[in-house]
Amino acid sequence: MEGVIDALTRDLLTREAGFDWTVTEFVRVIDARLPPRVFYKHCPELLQSLKQSPVATPSGVPVHLQLLGSDPLTLAANARQARELGALSIDMNFGCPAKLVNRHDGGAALLRDPERVFDAVRAVADALDGDIPVTAKIRLGFSNRLQAVACAQAAQAGGASQLVVHGRTRDEGYRPPAHWEWIGRIRQHIKIPVVANGDIWTLEDYWKARTLSGCDDVMLGRAALADPWLAPRIRHWQATGQRLPETTWRMRAETLCTYADLQCQKLPEKVVTSLVKQWLAQMRKGNAEANAHFQHLKRITRLDDLLQALASSGVSERKPHKALVQTPDITTHV
Ligand SMILES: Cc1cc2nc3c(=O)[nH]c(=O)nc-3n(C[C@H](O)[C@H](O)[C@H](O)COP(=O)(O)O)c2cc1C
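Residues numbered from 1 in each chain as written. Predicted model: local features only at pLDDT ≥ 70, side-chain atom pairs only at ≥ 80, totals over all residues. Heavy atoms only, no water.

## Comments concerning the overall build of the protein chain
So, point 1. A tally of helices and strands in the protein chain yields 14 helices and seven strands.
So, point 2. For a compact globule of 334 residues, the expected C-alpha radius of gyration is about 20 Å, and the protein chain comes in at 20 Å, within 12% of that figure.
So, point 3. The dimensions of the protein chain, computed from C-alpha atoms along their principal axes, are 55 × 50 × 40 Å.
So, point 4. When the 334 residues of the protein chain are sorted by exposure, 54% land in the buried category.
So, point 5. A sequence separation of at least 24 residues applies to 69% of the contacts in the protein chain between residues at least 6 apart. (Helix = DSSP H or I, 4+ residues; strand = E, 2+ residues; numbered from the N terminus. Rg over C-alpha atoms; globule rule 2.2 N^0.38 Å. Buried < 20%, exposed > 50% of the residue type's maximum accessible area, 1.4 Å probe, protein only. Contact = heavy atoms within 4.5 Å.)

## Quick word on the nonpolar core
So, point 1. Counting residues in each nonpolar core, the largest one holds 96 residues, and the members touching the most others are L65, I90, F94, L163 and I186.
So, point 2. Broken down by element, the residue count for this core peaks at eight residues, all from helix α11 (residues 249-264).
So, point 3. Sequence-distant contacts of I186, that is, excluding residues within four places in its chain, are made with I138, L140, A148, V149, A152, L163 and V165. (Core = buried A, V, L, I, M, F, W, Y, C linked by side-chain atoms within 4.5 Å.)

## Things to note about the pairing of strand β1 (residues 22-28)
So, point 1. Counting buried residues along β1, six of its seven residues qualify, which places the element largely inside the surrounding structure.
So, point 2. Two strands pair when backbone bridges link them, and β1 and strand β2 (residues 63-68) are joined in this way by five bridges, in the parallel orientation. Bridging from a neighbouring strand, V23 pairs with H64 of β2.
So, point 3. Considered for its hand, the β-α-β crossover made up of β1, helix α2 (residues 36-42) and β2 is right-handed. (Pairing = 2+ DSSP bridges. Right-handed = clockwise from strand over helix to strand, strands pointing away.)

## A closer look at the sheet that holds strand β6 (residues 194-197)
So, point 1. Ordered by their spatial adjacency, seven strands build an open sheet running β1-β2-β3-β4-β5-β6-β7, and the pairing between neighbours is parallel. Here the strands that pair on one side only, and so sit at the sheet edges, are β1 and β7 (217-219). For this sheet the average axis-to-axis angle between neighbouring strands, irrespective of direction, equals 30°.
So, point 2. As judged from the five bridges shared by strand β3 (residues 90-94) and strand β4 (residues 134-138), these two strands associate in the parallel manner. When the sheet's bridge partners are listed, D91 is paired in β4 with T135. (Axes fitted to C-alpha atoms, helices over the stretch in contact; angles between N-to-C directions.)

## Concerning the site of the ligand
So, point 1. Near the ligand there are 15 residues, and of these E2, Q66, N197, D199 and R222 occur at the shortest range.
So, point 2. Separating an oxygen atom of the ligand from a backbone N or O atom of F26 is a distance of 3.3 Å.
So, point 3. Between D199 and the ligand, the recorded distance is 2.7 Å, taken from a backbone N or O atom to an oxygen atom.
So, point 4. Grouping the amino acids of the shell around the ligand by side-chain chemistry returns four nonpolar, six polar and five charged. (Near = heavy atom within 4 Å. Polar contact = N/O pair within 3.5 Å; in protein donor to acceptor, adjacent residues only side chain to side chain. Nonpolar A, V, L, I, M, F, W, Y, C, P; charged D, E, K, R; others polar.)

## Here's the deal with the side chain of N102
So, point 1. Here N102 is to be found in helix α4 (residues 99-103).
So, point 2. Polar side-chain contacts of N102 include one of 2.9 Å to the backbone oxygen of G106.
So, point 3. Other than its neighbours up to four places away in sequence, N102 contacts C96, P97, G107, A108, A109, F142 and R170.

## Some remarks on the pattern of salt bridges
So, point 1. Counted by the stated rule, this structure contains 18 salt bridges.
So, point 2. The residue D227 makes a salt bridge to R233 at a minimum N-O spacing of 2.7 Å. For the pair formed by D227 and R233, the shared burial category is buried.
So, point 3. The salt bridge involving D305 is made with R302; its shortest N-O contact spans 3.1 Å.
So, point 4. The partly exposed category is assigned to D305, whose relative accessible area is 37%.
So, point 5. Salt bridges sharing partners connect three or more residues here, namely R168, D199 and R222. (Salt bridge = Lys/Arg side-chain N within 4 Å of Asp/Glu carboxyl O.)

## Notes on helix α5 (residues 114-128)
Residues spaced three or four apart along an α-helix point in a common direction, a consequence of the helix completing one turn every 3.6 residues.
So, point 1. When the terminal C-alpha atoms of α5 are compared, their 21 Å separation across 15 residues agrees well with the 21 Å that a helix rising 1.5 Å per residue should span.
So, point 2. Within α5 the residues assigned to the buried category are P114, V117, A120, V121, A123, V124, A125, A127 and L128.
So, point 3. Buried-residue contacts for α5 involve α3 (72-84), β3, β4 and α6 (148-158).
So, point 4. Among the residues trailing α5, D129 stands out with phi positive, at a value near 50°. (Expected span 1.5 Å × (residues − 1).)

## Details of unusual backbone geometry
So, point 1. A cis amide bond links P176 to the next residue, P177, at an omega of 5°.
So, point 2. Of note, P177 is situated in the loop between β5 (163-166) and α7 (180-187).
So, point 3. Here the phi dihedral of D129 falls at roughly 50°; this positive angle occurs in a residue that is not glycine.
So, point 4. Summarising the element assignment, D129 is placed in the loop between α5 and β4.
So, point 5. We classify D129 as exposed; its relative accessible area is 61%.

This is how it looks when you write it as structure tokens:
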């Protein structure tokens, strides 16, 4: 998720078994073949492929690379570039609702014309020549759902081997509800696996989304941050039929402290302070205790104070955070 889930967050979220795979923030493709450093910035896990290791989080969960663009030739050139850098697969973003992105003909803008979805996916599939898969992520449409099935069929006909469907139109933004039954309608018209996405916040939502969409798999977005134990809870229920206990504030606070330690290795304290508060703001959703802590913690401006406050609110024992360590520029590795 752009601006929210980077490689360190992926690392943290996949330490407990739960996620089958993850996807990078989108790499914005406009009119040029991007240099390797752009791909390494979005997907530092690609550097592992230089050592013949899989492109995965440290716990071994695969990381797929996402492209966002509209020009088929440029998308193809960047898909080739990503493959050369070791990408496992290319996911194509046809879901981004941001005005700026849509005005520049990217993300959900292409859903207004299924042929453009087809052209983009086909160009990437041709460029990859079957070496690695291409997948796609769509919404139900731009302003309405009239082209929902046609867009899904276009992605399939272009060569996508899997489709994630966020059950809202672009104009619906992130407003509830997500229309899981519409994802089911799409699923009945295509053969490739469909993954249901949108508004899955709890184990109950997971059941409902699966039932209404008929999909075997779901994708978690904001809830991965709101409740970092949702994916493990789903996995545990799948394996045992049992429910894990609710995520406590202490678990959330420990996650935030570990996150701060990780980010401090590459970012200045001020930025880390904002990132910790950004994640805490996501945790408020549907959780009164996290919301109460947010109201108190949001005013704190120094990282040490924030971490101390988190510690005294829930974390058992806390060492002072590590000072910023300058890591070599990623471009020096390539
Ligand atoms: C801040 C933010 C950034 C996002 N960035 C991306 C992105 O880079 N690529 C993508 O495919 N979806 C992105 N999404 C969409 C989510 O992946 C997901 O489809 C959407 O939030 C609906 O699922 P949810 O209700 O589980 O969050 C983003 C969503 C948010 C809120």
